[in-house]
Amino acid sequence: MVAEKGTISINTENIFPIIKKFLYSDHEIFLRELVSNAVDATQKLKKLASMGEFNGELGDLTIKVSVDKEAKTITISDKGIGMSADDIKKYINQIAFSGAKEFLEKYKDTPDTNQIIGQFGLGFYSAFMVSENVEIISKSFRDDAPARWICDGSTEFEITEAEKAERGTDIILHVAADSEEFLDNFRISGILEKYAKFLPVEIEFDGKVINNPNPIWTKSPSELTDEDYKAFYKELYPFGEEPLFWIHLNVDYPFNLTGVLYFPKIKKDFQLNRDKVQLYSRQVFITDDVKDVVPEFLQMLHGVIDSPDIPLNVSRSYLQADGNVKKINSHITKKVADKLQEIFRNDRTGFEEKWESVGVFVKYGIVSDDKFYDRAKEFILLKNVESKHFTLDEYREKVQAIQTNKDESVVFLYANDVNQQDAFIASAKKREYDVLVMDSPLDAHFINALESKLEKTTFKRVDSDSIDKLIDKGLNLESVLSDDEKKKVEELFKEVAGANTIQLESLPADEVPVTIVQPEFMRRWKDMQRISGQGDMFGSMPMPNNVVVNSNHSLIAKLLKTEDADAQKALTKQLYDLGLLAQGMLTGADLTKFVERTVAAL
Ligand SMILES: Nc1ncnc2c1ncn2[C@@H]1O[C@H](COP(=O)(O)OP(=O)(O)OP(=O)(O)O)[C@@H](O)[C@H]1O
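If you're wondering where the values come from, they're calculated on a predicted model, not measured in any experiment. (Residues numbered from 1 in each chain as written. Predicted model: local features only at pLDDT ≥ 70, side-chain atom pairs only at ≥ 80, totals over all residues.)

Asks: Any chance you could explain the overall build of the protein chain here in plain terms?
Replies: Along the protein chain, the regular secondary structure elements total 19 helices and 21 strands. Considering the protein chain as a whole, with its 602 residues, one finds that 35% of them fall into the buried category. (Helix = DSSP H or I, 4+ residues; strand = E, 2+ residues; numbered from the N terminus. Buried ≥ 20, exposed ≤ 12 C-beta atoms within 10 Å, placed from the backbone.)

Set out below in structure tokens:
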């Protein structure tokens, strides 16, 4: 068969309803699009005026939005460049022919042209998502006769001359029966509040200007004071607590990006984050779902990012593939790291005070982004039980002399619950060891990440073994017990200890007789699963503990000497329960019996 080539034909009558229906999943977007067009028309006029191509009076350029419940109309009026009948035919009747793009092409070499929002030539048609008929009444700045265009959403339209005294455009939406929700003032003001809050031209609704046309991210940091940044934060999040500090982003190469990111105070447990980073494109709100644009670990930041290089119709798969978005992502990471480093270097005390909040970002960053560790390693802080902070290098330097084990690995001891692990911390202190506090939900992952980065360093929770096993220097004490005696002790404890493993050790005589420890490896693995929210496959499984019996303690000698079998059992049980009690593991009926027994023995 001979190859045949051709062009696929598109039938406008069929494609039009598809555009209307599926272009935007969210119908409220129509207002964003129409108000953006009005802003564009106004900005174009200002631009022409600044170049001497328009010499008339600019006058009040406020854009007005109004709702007429009775007539069932929504009107968006601007005093921008307007359109003649020919302009309407050219720009409106040809779908996907963007006048904005044409304008940009024409003036691309002049300054400030990038303030125009439109790019696809589709936005106007979103009006049909909510309207039965859409009417345009417009008068061009060129003083051509005013024109009226009306269309019912089919491919047919009517264009006639109109009466209009003032320059500019009125877009009148005759709202369809299924969209009457948009005839509600609250609804409209809510939509404007969301999308138009920072548009660069004043927008009036219900007699009030609803926007701040000059938000701080459009200004230069040198014009701004701390108070300005704080006031803007309040404007964004009226109920938020004052932020810790902020970063003003200002990039124009290789992509355009402005914005202000705030570091919020973070409570210990991650609270649900309602105050999110907002994404704008030329001051038009796009979304507050900034996944992909902002690195995952920085999504807890607050503030605003504005980039014309982020496509307006944000779809996730599109964003992930977008080269600019990737660059933006790593730029933000770098900026955040630079800012943290600057504060760390210039104000160490202030940095330490903020560590509880800042640490959450840093830890999350280290866990989720390999490159971030290299940027952050200088200012990662560790806090010990005396609430002193150390960098990684400082801490290693501090503990290395006495906390190195026989394999030459430096052991960083930590507690995740200082109260509950007090007895273990006390034994560590007896050896003059230092103990860190690792009590944030991220710490299990953070510790793992650090172990993989730091050479010859292991983290061990203070209660995961007896202290001389945690930092095993290979200097084993002799046991005072014979092998037979050891066996006997083991049997006695086996009877009371259920599924737990008995571990006889020759510890110094002044260490406690019985300790219950939770092996580091299993426990940490379980913690990590819990925080990653991965099914609780092992989470609900009871974890066997190790019962460390100090064979050198005098009470163990006494236990062996006790001849009466019941008395021997009772003493074993008492010692075991004391071990559980020290770990906060003695509860319920066992605790009640323990108290009764102890009282009876007094
Ligand atoms: N209020 C208005 N005043 C003057 N011209 C307008 C107005 N609204 C629309 N236009 C003209 O119609 C064109 C098409 O508008 P439309 O919203 O469909 O696309 P766009 O704004 O160019 O791009 P996008 O699809 O990104 O919004 C605009 O580029 C502009 O030339």
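Read on for the rest.
Asks: Can you help me understand the nonpolar core in this one?
Replies: Generally speaking, nonpolar side chains in soluble globular proteins are found buried as a group. Counting residues in each nonpolar core, the largest one holds 114 residues, and the members touching the most others are Val-35, Ala-127, Leu-192, Ile-203, Leu-413 and Tyr-414. Look past the residues within four positions of Leu-192 in its chain and what remains in contact with it is Leu-31, Val-65, Ile-203, Phe-205 and Ile-210. Counting 15 residues, the second largest nonpolar core, distinct from the first, contains Val-489, Val-517, Leu-559 and Leu-580. (Core = buried A, V, L, I, M, F, W, Y, C linked by C-beta atoms within 7 Å. Contact = placed C-beta atoms within 7 Å.)

Asks: Could you clarify how one ought to interpret helix α12 (residues 422-430) in this entry?
Replies: The α-helix advances 3.6 residues per turn, and as a result positions three or four apart in sequence lie on the same side. Of all the residues in α12, the buried ones are Phe-424, Ile-425, Ser-427 and Ala-428. Along the long axis of α12, the arc covered by the buried residues comes to 160°, so they all point the same way. Once α12 finishes, Glu-432 follows within two positions and takes phi at roughly 65°, a positive value. (Arc of directions from axis to C-beta.)

Asks: Hey, could you run me through the confidence of the model for the protein chain in this one?
Replies: Segments scoring low in pLDDT should not have their predicted coordinates read at a detailed level. Across the protein chain, the average pLDDT comes to 87, with 87% of residues at 70 or higher. Model confidence for the complex: the whole-complex pTM is 0.78, and ipTM, which rates the interface, is 0.97. (pLDDT = per-residue confidence, 0-100.)

Asks: Looking at this structure, I do not really get the sheet that holds strand β11 (residues 277-281). What am I missing?
Replies: Neighbouring strands of a sheet are bound in pairs by backbone hydrogen bonds; such pairs are parallel or else antiparallel. The five strands lie next to each other as β9-β10-β13-β11-β12, forming an open sheet whose pairing is mixed. With one partner strand each, in any of the chains shown, β9 (245-251) and β12 (284-287) form the two edges of the open sheet. Averaged over all adjacent pairs, the angle separating strand axes in this sheet is 20°, with direction ignored. In this structure, strand β10 (residues 257-263) lies alongside strand β13 (residues 302-306), joined through five bridges in antiparallel fashion. Across the sheet, Thr-258 pairs through a bridge with Asp-306, a residue of β13. (Pairing = 2+ DSSP bridges. Axes fitted to C-alpha atoms, helices over the stretch in contact; angles between N-to-C directions.)

Asks: Honestly, the environment of Phe-124 in this entry has me stumped. Any pointers?
Replies: Topologically, Phe-124 is positioned in the loop between α4 (99-106) and β3 (131-139). Through-space distance from the C-alpha of Phe-124 to that of Gly-365 is 42 Å; in sequence the pair is 241 residues apart. Excluding anything up to four places from it in sequence, Phe-124 contacts Glu-33, Asn-37 and Ile-92.

Asks: When you look at the sheet that holds strand β16 (residues 410-415) in this model, what are you seeing that I'm missing?
Replies: Taking strand neighbours across the sheet as the criterion, the three strands line up as β17-β16-β18 in an open arrangement whose pairing is parallel. Edge positions in the sheet fall to β17 (435-437) and β18 (457-461), since each of these pairs with one other strand and no more. Across the sheet, the mean angle separating the axes of adjacent strands is 40° when strand polarity is ignored.

Asks: So what exactly am I meant to see when it comes to the environment of Gly-498 here?
Replies: Along the chain, Gly-498 falls in the loop between α15 (483-496) and β19 (501-505). For Gly-498, a count of 11 C-beta atoms within 10 Å corresponds to the exposed category. Spatially, the C-alpha atom of Gly-498 lies 14 Å from that of Leu-586, the residues being 88 residues apart in sequence.

Asks: Explain the packing of α15 against helix α17 (residues 554-561) here, please?
Replies: The packing of two helices is summarised by the inter-axis angle and the distance between the axes. For the pair α15 and α17, the least separation of the axes is 11 Å and the interaxial angle reads 90°. In terms of orientation, α15 lies roughly perpendicular with respect to α17. Residues Glu-485, Lys-488, Val-489 and Leu-492 of α15 form the contact with α17, whose participating residues are Ile-556, Leu-559 and Leu-560. Among the residues forming the contact of α15 with α17, the class breakdown is five nonpolar, no polar and two charged. (Parallel < 35°, antiparallel > 145°, perpendicular 65-115°, else oblique. Nonpolar A, V, L, I, M, F, W, Y, C, P; charged D, E, K, R; others polar.)

Asks: Looking at this structure, I do not really get the environment of Gln-568. What am I missing?
Replies: Within the secondary structure, Gln-568 sits in helix α18 (residues 565-582). A count of 17 C-beta atoms within 10 Å places Gln-568 in the partly exposed class. Separated by 76 residues in sequence, Gln-568 and Leu-492 place their C-alpha atoms 8.3 Å apart. Here Gln-568 is in contact with Leu-492, Leu-559 and Thr-562, once residues within four sequence places are set aside.

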